[in-house]
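Secondary and tertiary structure notes
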Amino acid sequence: MTENRIYVTQPHLPPLEEFIPYLEQIWSSKVLTNCGPFHQQFEQALCEYLGVKHISLFTNGTIALVTALQTLRISGEVITTPYSFVATAHSLLWNSIKPVFVDIDPVTLNLDPDRIEAAITPRTTAIMPVHCYGHACDVERIQKIADNYGLKVIYDAAHAFGVQCQHGSVLRYGDLSVLSFHATKVFNTFEGGAIVCPDAKTKKRIDQLKNFGFVNDTTVIAPGINGKMSEINAALGLLQLKGIDAAIQKRGVIDQTYRDGLTPIKGIRCVPDAAETVGNYAYFPIQVGPEYPMTRDGLFQKLHDHGIIARRYFHPLISEFPMYRGLPSSAAANLPAASKVAREVICLPIYPNLPPEQVEFIVSLIANQIT
Ligand SMILES: *Cc1c(COP(=O)(O)O)cnc(C)c1O
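Since this is a predicted model, take the numbers as computed values, not measurements.

Turning next to the overall build of the protein chain. Along the backbone of the protein chain there are ten helices and 14 strands. The burial tally for the protein chain puts 55% of its 371 residues in the buried class. About 16400 Å² of surface is accessible on the protein chain, with carbon and sulfur atoms providing 55% of the total. Each charge sign in the protein chain was given a centre, from 31 positive and 34 negative side chains, and these centres are 5 Å apart.

Here the focus is the packing of helix α8 (residues 296–305) against helix α10 (residues 356–366). Running from N to C, α8 and α10 cross one another at 140 degrees; their axes reach a closest spacing of 10 Å. As judged from the angle between their axes, α8 and α10 are oblique. In the packing of α8 onto α10, the handedness of the crossing is right-handed. Here α8 contributes L299, K302 and L303 to the contact with α10, which in turn contributes I362, L365 and I366. Here the residues of the contact of α8 with α10 sort into five nonpolar, no polar and one charged.

The next point concerns helix α1 (residues 16–29). The terminal C-alpha atoms of α1, which comprises 14 residues, lie 21 Å apart, in line with the 20 Å expected from a rise of 1.5 Å per residue. Listed in full, the buried residues belonging to α1 are F19, Y22 and I26. Along its buried surface, α1 packs onto α2 (37–50) and α7 (231–262). Of the residues flanking the end of α1, it is K30, one or two places downstream, whose phi is positive at about 65 degrees.

Let us now look at the sheet that holds strand β12 (residues 284–288). Sheet architecture is open: three strands sit in the order β11-β12-β14, paired in antiparallel fashion. The sheet terminates laterally at β11 (268–270) and β14 (345–348), the two strands that pair on one side only. The mean angle between the axes of side-by-side strands here comes to 30 degrees, regardless of whether they run parallel or antiparallel. One ladder, built from three bridges, connects β11 with β12; its direction is antiparallel. If you follow I268 over to β12, its bridge partner there is V288. Together, β11, β12 and β14 form the strand contacts of α8, whose direction differs from that of β14 by roughly 25 degrees. Sheet strands in contact with helix α9 (residues 336–344) are β12 and β14, and its direction is about 50 degrees off that of β14.

Attention shifts here to the domain arrangement of the protein chain. As far as domains go, the protein chain holds domain 1 (16–241) and domain 2 (244–366). The gap between the C-alpha centroids of domain 1 and domain 2 is 24 Å. Taking both partners together, domain 1 and domain 2 bury about 3200 Å²; carbon and sulfur atoms supply 65% of that area. Counting the surface domain 1 buries against domain 2, the share from its top three residues, F101, Y133 and V186, is 21%. In this structure, the connection of domain 1 to domain 2 is made through zero salt bridges. Viewed at the interface, domain 2 and domain 1 are joined by 19 residue pairs in polar contact (both at pLDDT 80 or more). Looking at the side of domain 1 that touches domain 2, the elements that each hand over two or more residues are α4 (87–93), β4 (98–101), β7 (164–165) and α7. Of the residues in the side of domain 1 that touches domain 2, the class split is 25 nonpolar, twelve polar and three charged.

Among the five residues of strand β2 (residues 54–58), four are classified as buried, and the element is accordingly described as predominantly covered. Sheet analysis places β2 next to strand β10 (residues 193–197), joined by five bridges and oriented antiparallel. Residue pairing across strands places F58 opposite G193, the latter belonging to β10.

Turning our attention to the site of the ligand. With respect to spatial proximity, 14 residues lie near the ligand, and among them T62, D156, H159, S180 and K185 are the closest. Between the ligand and G61, the relevant distance is 2.8 Å, taken from an oxygen atom to a main-chain nitrogen or oxygen of the residue. When the ligand is considered free in solution it has 380 Å² of accessible area, and contact with the protein chains removes 92% of it. For the shell around the ligand, the secondary structure elements donating two or more residues are α3 (61–71) and α4. Residues belonging to the shell around the ligand are distributed by class as follows: three nonpolar, nine polar and two charged.

With respect to topology, seven strands assemble into an open sheet ordered β2-β10-β9-β6-β5-β3-β4, the strand pairing being mixed. Strands with a single pairing partner mark the edges of an open sheet, and in this sheet they are β2 and β4. For this sheet, the mean angle separating the axes of adjacent strands, direction not counted, is 25 degrees. In the packing of α3 onto the sheet, the strands contacted are β2, β5 (124–128), β6 (152–156), β9 (176–180) and β10, and the crossing angle to β9 comes to about 165 degrees. Strands in contact with helix α6 (residues 200–209) are β2, β9 and β10; relative to β2, the strand with the most contacts, it is inclined by about 10 degrees.

What counts, and where the lines are drawn
Residues numbered from 1 in each chain as written. Predicted model: local features only at pLDDT ≥ 70, side-chain atom pairs only at ≥ 80, totals over all residues. Heavy atoms only, no water. Helix = DSSP H or I, 4+ residues; strand = E, 2+ residues; numbered from the N terminus. Buried < 20%, exposed > 50% of the residue type's maximum accessible area, 1.4 Å probe, protein only. Areas by Shrake-Rupley, 256 points an atom, 1.4 Å probe, with all protein chains shown as cover. Lys, Arg positive; Asp, Glu negative; His and termini not counted. Charge placed at Lys NZ, Arg CZ, Asp CG, Glu CD. Axes fitted to C-alpha atoms, helices over the stretch in contact; angles between N-to-C directions. Parallel < 35°, antiparallel > 145°, perpendicular 65-115°, else oblique. Left-handed = near helix turned anticlockwise from the far one by under 90°. Contact = heavy atoms within 4.5 Å. Nonpolar A, V, L, I, M, F, W, Y, C, P; charged D, E, K, R; others polar. Expected span 1.5 Å × (residues − 1). Pairing = 2+ DSSP bridges. Domains from an automatic or database assignment. Buried area = accessible area lost by both parts, 1.4 Å probe. Salt bridge = Lys/Arg side-chain N within 4 Å of Asp/Glu carboxyl O. Polar contact = N/O pair within 3.5 Å; in protein donor to acceptor, adjacent residues only side chain to side chain. Near = heavy atom within 4 Å.

Quick look at the structure:
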């Protein structure tokens, strides 16, 4: 029995004393927000770190998703995945867009490219895939479909900070990619988010929309929102960037320990990272199949009883929540793979300072060596 509870994640924080000089600078300049010096520096630093052309910081990932849809004036129907955090689809409802759920690939757990075309109607304007768990979508195939049908692609890249595919940052794919810097994510600014875009003109529109639609002191061109990241969060982000490579590397070690320990266990499937990518080890999802001696919920409870507070991400599916379940595409028969995975998945604890002996303990609990 462990005395202290182990949660699925623990926020990564820089040394407190290193943050003090940033705070002193804010206190002396009295610039607290409205795209001040830390905001600008952080945007620049992120572009360099992530290998992207333009980025616009936001107060959180959800407002960034809502604004990304407004930026491209998306309307009608948008094809998306039911296997995600609820904010993905909520961003569509906030824009009066009808979500059309398409099933996931049972191997990658990302939106299944083979099923997208059948869901396209004359009202479809865009696709909103998610790089689920930081595992890159099949970006080439999704782009091909989008090009064939004249659709926009907005990636919910909330899990995909720093993820690289064959041709560099995965965030360069699609028309826009949206990041979250929430406390629970690989890279955090307590709350925060961003939109990655390919050109200065689009960035300008995003920057206007996140500032009430102002283009200058007296002109407002759209019903924009207040989505600006404050100077405190931007300063924290600049500091967090210094430790991010080490943090991701530590996650990678834990990921490998889990894979080595769990892969031989009958009935347990470790979800693989996408081929030919550099991942970020944001989550460690396993699927508990019928060959395992316990049900998923049985194992979940056993872990809990031993102080391991794992999470059933993503269960229930977005399509099962009351505001979505009436949609034709929400029918379980339309989403067999997602429905199955939602019944099988458990995300295990993974964060940079998770002690290796805890990882071994979790592995042995799952290996049934401990009852
Ligand atoms: C965390 C998350 C969001 C929302 O981000 P916030 O910054 O918490 O608003 C959106 N989509 C996915 C897939 C997420 O995991």
